Amino acid sequence: MDINADILIMGHTHKPFHKAIFCEEENRRIYKHVINAGSVGKPKHENNKSCYTVLNMGENTNLTDLNSIKADFEYVSYKVEKVIEKIHSLGLGNAYDHFLKNGQE
């Protein structure tokens, strides 16, 4: 699959990360960025807080500068036990209790 993007923000793995990938495009050296935004549920980032991403770019953002684009990961506490109680009340069992309490696989 060919993705024509300078910044790709995705999910699925539930693990926040930011990777700059060096490449050449039209005879110039640039960095493209791959960012996993984190997880609001079923966290796998080794704590049980929700995680979201703030993407920082400015007027002078330039793909030729490795540090021109920054992804800051923010962690927010929430009522984990209340979420677990709700899941149980829906009859979904306790399969996600460990993930939600510990933030691990």
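The present account deals with the structure reproduced in this document. Keep in mind it's a predicted model, so treat the numbers as computed, not measured. Here the residue numbers are simple positions, counted from 1 along each chain's written sequence. Since the coordinates come from a predicted model, pLDDT governs what is reported: local features require at least 70, and pairs of side-chain atoms require 80 or more to be given and counted, while whole-chain, interface and lining totals use all residues. Here the side-chain values reflect all heavy atoms present in the structure, with hydrogen atoms and water set aside.

1. Section: the overall build of the chain
A run of H or I in DSSP counts as a helix once it spans at least four residues, and a run of E counts as a strand once it spans at least two, with each numbered from the N terminus. Along the chain, the regular secondary structure elements total 2 helices and 5 strands. Written out in order from the N terminus, the α and β elements of the chain read β-β-β-β-β-α-α. Computation of the radius of gyration draws on C-alpha atoms, with the globule rule given as 2.2 Å multiplied by the number of residues to the power 0.38. A compact globule built from 105 residues would reach a C-alpha radius of gyration of about 13 Å, whereas the chain, at 18 Å, exceeds it by more than 25%. In terms of principal-axis extent, the alpha carbons of the chain reach across some 60 × 30 × 20 Å.

2. Some details on the packing of aromatic side chains
Ring pairs are drawn from Phe, Tyr and Trp, using the six-membered ring of Trp, whenever the two centres fall within 6.5 Å, and their geometry is named by plane angle: stacked under 30 degrees, edge-to-face over 60, tilted for the rest. Counted by the stated rule, this structure contains 1 aromatic pair. Here F22 and Y31 contribute two aromatic rings whose centre-to-centre distance is 5.7 Å and whose plane-to-plane angle is 65°, an arrangement assigned as edge-to-face. The rule is simple: take the accessible area with a 1.4 Å probe, protein chains only, and divide by the maximum for that residue type; under 20% is buried, over 50% is exposed, in between is partly exposed. Take Y31: its relative accessible area is 21%, and that puts it in the partly exposed class.

3. Some thoughts on the pairing of strand 3 (residues 28-36)
Across 4 bridges, the pairing between strand 1 (residues 7-10) and strand 3 is parallel. Within strand 3, the residue paired with I9 across the bridge is I35. Note: two strands are recorded as paired if DSSP finds a minimum of 2 bridges between them. Here 9 bridges tie strand 2 (residues 17-25) to strand 3, and the two strands are oriented antiparallel to one another. The residue of strand 3 that forms the bridge with H18 is I35. Taking the residues between adjacent antiparallel strands as the criterion, strand 2 and strand 3 are bridged by 2 residues, where E26 takes a positive phi near 50°.

4. Regarding the sheet that holds strand 2
Strands sit in the order 1-3-2 across an open sheet of 3 strands; the sheet is mixed. Each edge of the open sheet is held by one strand with a lone partner, namely strand 1 and strand 2. On average, adjacent strands in this sheet sit at an angle of 20° to one another, irrespective of strand direction. A fitted line through C-alpha atoms represents every axis, and for helices the fit uses only the stretch in contact; the resulting angles, taken between N-to-C directions, go from 0 to 180 degrees.

5. Observations regarding the side chain of D97
Position of D97 relative to the elements: it lies in helix 2 (residues 97-102). Residues counted as positive are Lys and Arg, residues counted as negative are Asp and Glu, and His and the chain ends are not counted. Each reported salt bridge corresponds to a side-chain nitrogen of Lys or Arg within 4 Å of a carboxyl oxygen of Asp or Glu. Lacking a salt bridge, the buried D97 has K101 as its closest oppositely charged neighbour, with an N-O distance of 5.0 Å. Note on definitions: a residue-residue contact is assigned when non-hydrogen atoms from the two residues lie within 4.5 Å. When residues no more than four places from it in sequence are discounted, the contact partners of D97 are I84 and H88.

6. What about the pattern of salt bridges?
Once the charged atoms of two side chains with opposite charge are near each other, the side chains can pair. This model, assessed by the stated rule, comprises 3 salt bridges. K32 is the partner of D6 in a salt bridge, and the nearest nitrogen-oxygen pair spans 3.7 Å. Linking D6 in the segment before strand 1 with K32 in strand 3, this pair joins segments that are 26 residues apart in sequence. Judged by relative accessible area, which is 34%, D6 ranks as partly exposed.

7. What to know about a nonpolar patch on the surface
Put simply, a patch holds well-exposed residues, over 30% relative accessible area, that have no salt bridge, with like charges counted together within 9 Å and Val, Leu, Ile, Met, Phe, Trp or Tyr side chains within 5 Å. Residue-level accessible areas treat just the shown protein chains as cover; the underlying method is Shrake-Rupley with a 1.4 Å probe. A contiguous nonpolar patch, built from Y52, V54 and V76 and spanning about 230 Å² of accessible area, is present on the exposed surface. Take V76: it is sitting in strand 5 (residues 70-76). By relative accessible area, which is 37% here, V76 ends up partly exposed.

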